[in-house]
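Architecture at a glance
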Amino acid sequence: MTSAFDRTTIGKIAVRNRIVRSATWEGMCDANGAPTEKLFACYDALASGGVGLLIAGYAYVSPEGKQNAGKMGMHDDALIPRVQALTGQVHDKGGKVVAQLVHAGAQGNRSVSGLPPVAPSAVSLPYFREVPAELDLAGIGRIVADFARAAGRAKEAGFDGVQLHGAHGYLLSQFLSPLTNARKDEYGGPLENRARFLVETVRAVRRVVGDDCPVWIKLNGDDFVPGGTTAEDAASVARMLEAAGIDAIEVSGGTPASGDRTPARTPIDSVEKEGYHRVVARGIKRNVRIPVGAVGGFRTLSVIEDTLASGDADFVSLSRPFIREPGLVNRWASGDRTRAACVSCNGCFLPAMRGKGIRCTQVKEADG
């Protein structure tokens, strides 16, 4: 029977258990994207706390693809030494760490990057700060190359693999969605065309990092938006990605336009609300042979165990619970199976938005 605490290999990465820390924007890097001492302390706690694999906060591959202040960068060779020190610290604690690479596309923030956002098409949506500029073919090629170069930097900096962020309405996801991709050329229209940018990016990354470096993807199993990417689309894209050489898929869902079905839902106050992407992960897993994981509202060890034992996922990812309890996995492994203390209020992101980095605001309130 599959256990959450099995030592195994997932997507070419040997892990000490099947519980993954899903990528989280920490807001703990400097203006150029270099990790600060706060991020070193954060990752030290996570690696010491027993997570099987730590996926680092999303790192921007192109300057105009930056969304938030304090975001990690992977766009500049000068960042490699500082990031290498960070990965080395994780390894010293027996952990594994993967770089998540992203271009925010139309969710790019001119006030942070100093540059106008770009996207598949110049469309206006309520969660875009401005109408983005439509990428021409040269621009598409440049960003594909930016992803590949960023992956090379991540490998040089000591990451155990890379994960492309193809979810949550960022650029790779924007190309997949008919709502944000109205192109009439080879990158728009039928799903195969809308997936072209993503597949080209995967292949370019693979050429740079080689066959031995794990390449994962975070993929929306469903946008949960009328007219957006559907579960059927996601299953088809997953098959394309497997053929292109992706080693594992972490399934998420939703965009900022998804109402109460956004990626970070609240409140998760019962077991029935946990694992809210489990069903779409199951659908993708049935369509591919590579490992598939699920993220989204896991708070109880028994729900994680059931998800793994049922075959719905090969690994389970958590994000917000580790902000409050970086040692959660060790606690569970010790025999204390009490539900994660996270109340899913999303207050942890407010300090980061003020430039102070993520932290659990509930702890401060509880300690009075």
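Here the structure is a predicted model, which is why all the values come from computation and not from measurement.

Rules and cut-offs
- Residues numbered from 1 in each chain as written.
- Predicted model: local features only at pLDDT ≥ 70, side-chain atom pairs only at ≥ 80, totals over all residues.
- Heavy atoms only, no water.
- Helix = DSSP H or I, 4+ residues; strand = E, 2+ residues; numbered from the N terminus.
- Rg over C-alpha atoms; globule rule 2.2 N^0.38 Å.
- Contact = heavy atoms within 4.5 Å.
- Areas by Shrake-Rupley, 256 points an atom, 1.4 Å probe, with all protein chains shown as cover.
- Patch = residues over 30% accessible without salt bridge, like charges linked within 9 Å, V, L, I, M, F, W, Y side chains within 5 Å.
- Salt bridge = Lys/Arg side-chain N within 4 Å of Asp/Glu carboxyl O.
- Lys, Arg positive; Asp, Glu negative; His and termini not counted.
- Charge placed at Lys NZ, Arg CZ, Asp CG, Glu CD.
- Buried < 20%, exposed > 50% of the residue type's maximum accessible area, 1.4 Å probe, protein only.
- Pairing = 2+ DSSP bridges.
- Core = buried A, V, L, I, M, F, W, Y, C linked by side-chain atoms within 4.5 Å.
- Polar contact = N/O pair within 3.5 Å; in protein donor to acceptor, adjacent residues only side chain to side chain.

In this section: the overall build of the chain. Of the regular secondary structure elements, the chain holds 14 helices and 13 strands. The C-alpha radius of gyration of the chain comes to 19 Å, within 12% of the 21 Å expected for a compact globule of 368 residues. With respect to the principal axes defined by its C-alpha atoms, the chain has extents near 55 × 40 × 40 Å. A fraction of 70% describes how many contacts in the chain between residues 6 or more apart in sequence connect residues 24 or more apart. Of the roughly 13,700 Å² of accessible surface on the chain, a fraction of 51% belongs to carbon and sulfur atoms.

Before going further, it helps to spend a moment on the side chain of E325. Within the fold, E325 resides in the loop between α11 (320–324) and α12 (328–333). When near neighbours in sequence (up to four residues on either side) are disregarded, E325 contacts R331, A340 and A341.

It is worth spelling out unusual backbone geometry at this point. That bond from T266 to P267 is cis: its omega, -5 degrees, falls within 30 degrees of zero. Summarising the element assignment, P267 is placed in the loop between β11 (248–252) and α9 (278–285). If you check the backbone angles, K12 has positive phi at about 75 degrees while not being a glycine. Mapped onto the elements, K12 comes out in the loop between β1 (8–10) and β2 (13–15).

Here we take up a positive patch on the surface. Taken together, K38, R354, K356 and R359 make up a surface patch of like positive charges. Structurally, the position occupied by K38 is in helix α1 (residues 37–48). The class for K38 is partly exposed, based on a relative accessible area of 47%.

Our focus in this paragraph is the pairing of strand β9 (residues 162–166). In terms of burial, β9 is a largely internal element, 5 of the 5 residues being buried. The side-chain alternation of β9 yields two buried faces, one formed by V162, L164 and G166 and the other by Q163 and H165. Examined bridge by bridge, strand β6 (residues 97–102) and β9 share 3 bridges and lie parallel to one another. When the sheet's bridge partners are listed, Q100 is paired in β9 with Q163. Bridge analysis of β9 against strand β10 (residues 215–220) gives 5 bridges, and the strand direction is parallel. Bridge pairing links G166 to L219 in β10.

Next up on the list: the nonpolar core. Grouped together as the largest cluster of nonpolar side chains are 96 residues, with contacts concentrated most on Y43, M74 and L101. A total of 8 residues in this core trace back to one element, the largest contributor, which is helix α4 (residues 137–156). By size, the runner-up hydrophobic cluster in this structure holds 11 residues, among which are V20, I55, V98 and W216.

This brings us to the environment of V123. Assignment of secondary structure puts V123 in the loop between β7 (118–119) and β8 (133–134). It is 50 Å that separates the C-alpha atoms of V123 and D336, two residues lying 213 residues apart in sequence. Discounting residues that sit within four places of it in the chain, V123 has contacts with F128, V131, P132, L179 and T180.

The subject of this paragraph is the side chain of T24. Within the secondary structure, T24 sits in the loop between β3 (19–21) and α1. Within the structure, T24 has its side chain in polar contact with the backbone oxygen of S22 (distance 3.0 Å). When near neighbours in sequence (up to four residues on either side) are disregarded, T24 contacts I55, G57, S319, I323, F349 and I358.

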